[in-house]
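# Notes for the structure review
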Amino acid sequence: MTTFDPYAPSRDTTEGTVYSVTGGDWDSLVQEIGSTKEERVVVNMGPQHPSTHGVLRLVLELEGETVTEARAGIGYLHTGIEKNMEYRSWTQGTTFVTRMDYLAPLFNETAYCLAVEKLLGITEDVPERASVIRVMMMELNRISSHMVALGTGALELGAISPMFFAFRERETVLDIFEMISGLRMNMAYVRPGGVQQDLPAGAIPKIRDAVKLMRKNFKDNTTLLVGNSIWMKRTQGIGYLDLAGCTTLGITGPVLRSTGLPWDLRKIQPYCGYEDYNFDVITADTCDVYGRFLIRMNELEQSLRIVEQALDKLEKLEGAPVMVADKKIAWPAQLAMGGDGLGNSLNHIREIMGTSMESLIHHFKLVTEGFHVPAGQVYVAIESPRGELGAQVVSDGGTKPYRMHFREPSFNNLQATSAMSEGGMVADIIGAVASIDPVMGGVDR
Amino acid sequence: MGLKMGLEEKIPSGFVLTTVEKLAGYMRKNSLWPATFGLACCAIEMMAVGSAAKYDISRFGMEVFRASPRQADLMIVAGRVSNKMAPVLRQIYDQMAAPKWVIAMGACASSGGMFNNYAIVQGVDHVVPVDIYLPGCPPRPEMLLDAILKLHSKIYDEKLGSNRAEIIREVELAAMNAKPTIEMKGLLA
Amino acid sequence: MSDQGMFGAPGTGDTSGYGGLVRTAASTGSSERPYGGYFDEVADDLERAYPLFSEAIERVVVDRGELTLHVKGEKLVEVSKVLRDSLKFEMCMGVSGVNYPADSGRELHAVYPLLSLTNNRRIRLEVSVPDSNPHIPSVVEVWAGNNWHERETFDMFGIIFDGHPGLTRILMPDDWQGHPQRKDYALGGIPVEYKGATTPPPNERRSYK
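Now for a quick tour of the structure. Note that this is a predicted model, so its numbers are computed, not measured. (Residues numbered from 1 in each chain as written. Chains lettered and ligands numbered in written order. Predicted model: local features only at pLDDT ≥ 70, side-chain atom pairs only at ≥ 80, totals over all residues. Heavy atoms only, no water.)

## What about the overall build of chain B?
Filter applied, for reference: Note on conventions: DSSP H or I runs of at least 4 residues are helices, E runs of at least 2 residues are strands, and numbering of each starts at the N terminus. In this setup the radius of gyration rests on C-alpha atoms only. A globule is expected at 2.2 Å times the number of residues raised to 0.38. All accessibility values rest on the Shrake-Rupley procedure with a 1.4 Å probe; residue burial counts only the protein chains present in the view. Positive charges are assigned to Lys and Arg, negative charges to Asp and Glu, while His and the chain termini are left out of the count. By convention, the charge on Lys lies at NZ, on Arg at CZ, on Asp at CG and on Glu at CD.
Broken down by element type, chain B carries six helices and four strands. Element order for chain B, N to C, with α for helix and β for strand: α-β-α-β-α-β-α-β-α-α. The globule rule puts the C-alpha radius of gyration for 189 residues at 16 Å, and the 18 Å found for chain B is close to it. For chain B, the spread of C-alpha atoms along the principal axes amounts to about 50 × 45 × 30 Å. Approximately 8700 Å² of chain B is accessible, and the part contributed by carbon and sulfur atoms is 63%. The averaged location of the 18 negative side-chain charges in chain B is 3 Å from the averaged location of its 21 positive side-chain charges.

Spelled out as structure tokens, the structure:
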């Protein structure tokens, strides 16, 4: 009987003898292998690795420095979010969905809430102020997500300073998120029907200052990397994937736009009022890592433009509601900032506890049981920083989702690793994966 | 706790041993080197602690996140550990050289968090021994720094030699006689 | 007790809260022409390009502004090729499975959202297979990006895609038993222990639908 010992020095398989190196004497291992003189090496860039953007396992077959085969192994972060949501109400679904693609939580929430609103049939009834706030928060999230992508991508290729600059910008954005929603990440801010609560007083001037600061600070990264000959040598011509490859693999987002096709769902299939904003779709036509890097850098400026336009709109819509008017769907408590932080507004508590029994029952049932969503199936897609994020929601008429599936852009985009890396060198795989910018929470859900 | 070490174990209990303990503790807690074990959302907050100038972890000498577990002292398990990842986690922990400590960062690492299902290990202490549990979803960077400081004081107070054996005996006895959580009833339990 | 309003036990009258009574979920109707928007064009183009349209397409559903073509499993690859080449639906956004245990004979559905870049259109294909014979031909040769999606659907639901280059588990560990996202697979949570009491996991809690 053969037992498998992962720490054993060698074992025989159908492919020949396999030598595992997990420590021990290198010389004795080399002596053992020495006689067979195999040129092919299978290297496992395991799930725990500083450069693979999360728990991604890359199994590489190398001949010297050239990659002959690259396979990606995923599933190390599978959380069963989709099944878990079948046991939670529709509003609670937001808190689960947020944690899928954890660098762009607001996009997950918005895709889910747009799908639920489409099933409910209230897409037109979502107040304009709520849509504008959603757009502003999404664009700020796009900035913070691109900052992490740029920072970690640069770090993995050896440039350490951009990481510090990028995370400094990210802190500016996270401060805004904390001011508005209470949390830096995974906020569960966008709910079916609108957003959780309105902007606090004095938020708009603060956001304007932050936008000015970010515009100034983005120059730090641009002067460091754009046109830098070392950076260009590392990234130009690497990770090539043209339009045919992208369409057959179902790849969207900056990778698709780096082939020259200006496919951006915000312009082409607008949602949340995006048709009213002025911004450009950034493309590149070099299909390589450098092109995708430039796209992400330039999308930062476009996002700032959208945020400024959103702020102008918000100033005009002062005092408008942020939740849908239908009381059978809207979250019942009007949250307010009290002496001890955010909580139920005292007026509301006074009403439901003191005056109206029906209000109390209504509040209780809405919060514990939730609203019913008519049966049906929808697929709603939005443009997340990584590509097309699609939410497919099936309802059976109850208070819980019947089936929730997210079509994550990183899941499709990661399939391109093999196409991008085979034939190249080991060091280029890192650049290619960094340019795809996968978030393993979204890939594995 | 860490494992048995060399010469300092042989020093007889007394003034000399306590001075050596304090010295060893002081040396060990300054510039602990963390191993990169960022899994999910908590990893991003851990990166913010490491790289954002606001939450500079370099002041403790810890900005070098060692990729190789052989060179690391501290494993910050940041994020949800799935069943597929658990053997990998254990292997990395085994590959770290003693003395080593583990911080379970976040609700998912401490107890499975909001994901009480088939795919997630309900608490990373099913796989590795944990020194500090840090709740939060995700915990703020300041909370992670607080956990690291608490770990520093814990390391500083670690005993060696015969004092250590005594402490271990006491802790085991207390654990064996402790009332299980399910039997603590009532509001003042 | 009537079904009106939000609250109260639904039509089945199950007031225990444990949900032991099964609800039917799948809709069975088909939509009438005209479908509205570009759906008529899509249906006409497909009929012209694929003459065996009525054999392959079981029903056409237009709901909430989205077109769903229910396709027979055997004809899936042909219909996909026609949709990709003649109707220019170049991108497939993946496969996802849905499990309707109450719909006997058609328990497992696989849903393929399609996107046309040239015409800026979206439609959806849906294939239904029974539990006893969960085989669907693989569309990896038509849209290569479905490789991992089909592996995921196999992993989570047990739908076997014939012709897939390497159908193995992708999200669960390789030796996992069972298909987690089926309705008959328990959520697998454990009760949480507090001082003196436990909270049951979400799948064992009482809920009033």
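Read on for the rest.
## Points about the nonpolar core
General note: in soluble globular proteins, nonpolar side chains tend to be found buried as a group. Convention followed: In this description, a nonpolar core means a group of buried Ala, Val, Leu, Ile, Met, Phe, Trp, Tyr and Cys residues linked to one another through side-chain atoms lying within 4.5 Å. Relative accessibility under 20% of the residue-type maximum defines a buried residue, over 50% an exposed one, and the middle range a partly exposed one, all with a 1.4 Å probe and only protein chains included. We call two residues in contact when some of their heavy atoms are within 4.5 Å.
Judged by nonpolar contacts, the single largest core of 220 residues is most densely connected at I74(A), M136(A), Y189(A), M75(B), V77(B) and Y112(C). With twelve residues, the single largest contributor to this core is helix α5 (residues 128-156) of chain A. Residues contacting V77(B), with those up to four places away along its chain left out, are F37(B), L39(B), L89(B), V102(B), I103(B), A104(B), M105(B), A109(B) and V124(B). Listed in part, the five residues of the second largest apolar core include V394(A), V98(C), Y100(C) and V111(C).

## Description of the pattern of salt bridges
We apply this condition: Salt bridges, as used here, are contacts in which a Lys or Arg side-chain nitrogen is within 4 Å of a carboxyl oxygen on Asp or Glu.
Overall, the coordinates contain 43 salt bridges over all chains when judged by the stated rule. Linking R122(C) and E388(A) is a salt bridge whose minimum nitrogen-to-oxygen distance equals 3.0 Å. Taken together, the residues span two chains, with R122(C) in strand β6 (residues 121-129) and E388(A) in strand β11 (residues 387-395). Judged by its relative accessible area of 15%, R122(C) is buried. Judged by its relative accessible area of 0%, E388(A) falls in the buried class.

## Brief notes about the sheet that holds strand β1 (residues 34-35) of chain B
All names here are of chain B. To keep things clear, this is the line we draw: Two strands qualify as a pair provided that DSSP identifies no fewer than 2 bridges between them.
Read across the open sheet, the four strands follow the order β1-β2-β3-β4; overall the sheet is parallel. For this open sheet the edge positions go to β1 and β4 (132-134), each flanked by a neighbour on one side alone. Both strand β2 (residues 74-78) and strand β3 (residues 101-105) contribute to a ladder of five bridges, which runs parallel. In the strand pairing of β3, V77 is matched with A104.

## With respect to the interface of chain B and chain C
For clarity, the threshold we go by: Two parts placed together each lose some accessible area under a 1.4 Å probe, and adding up what both lose gives the buried area. Any residue outside Ala, Val, Leu, Ile, Met, Phe, Trp, Tyr, Cys, Pro, Asp, Glu, Lys and Arg is labelled polar, Gly included; the first ten of those are nonpolar and the last four are charged.
On the side of chain C, 21 residues touch chain B, which itself brings eleven residues to the contact. Around 1300 Å² of area is buried between chain B and chain C when both sides are counted, 62% of it from carbon and sulfur atoms. Considering only the surface of chain B that becomes buried against chain C, K84(B), N116(B) and Y118(B) emerge as the three largest contributors, covering 52% of it. Where chain B meets chain C, there are zero salt bridges. A breakdown of the residues in the side of chain B that touches chain C according to their chemical character gives four nonpolar, five polar and two charged.

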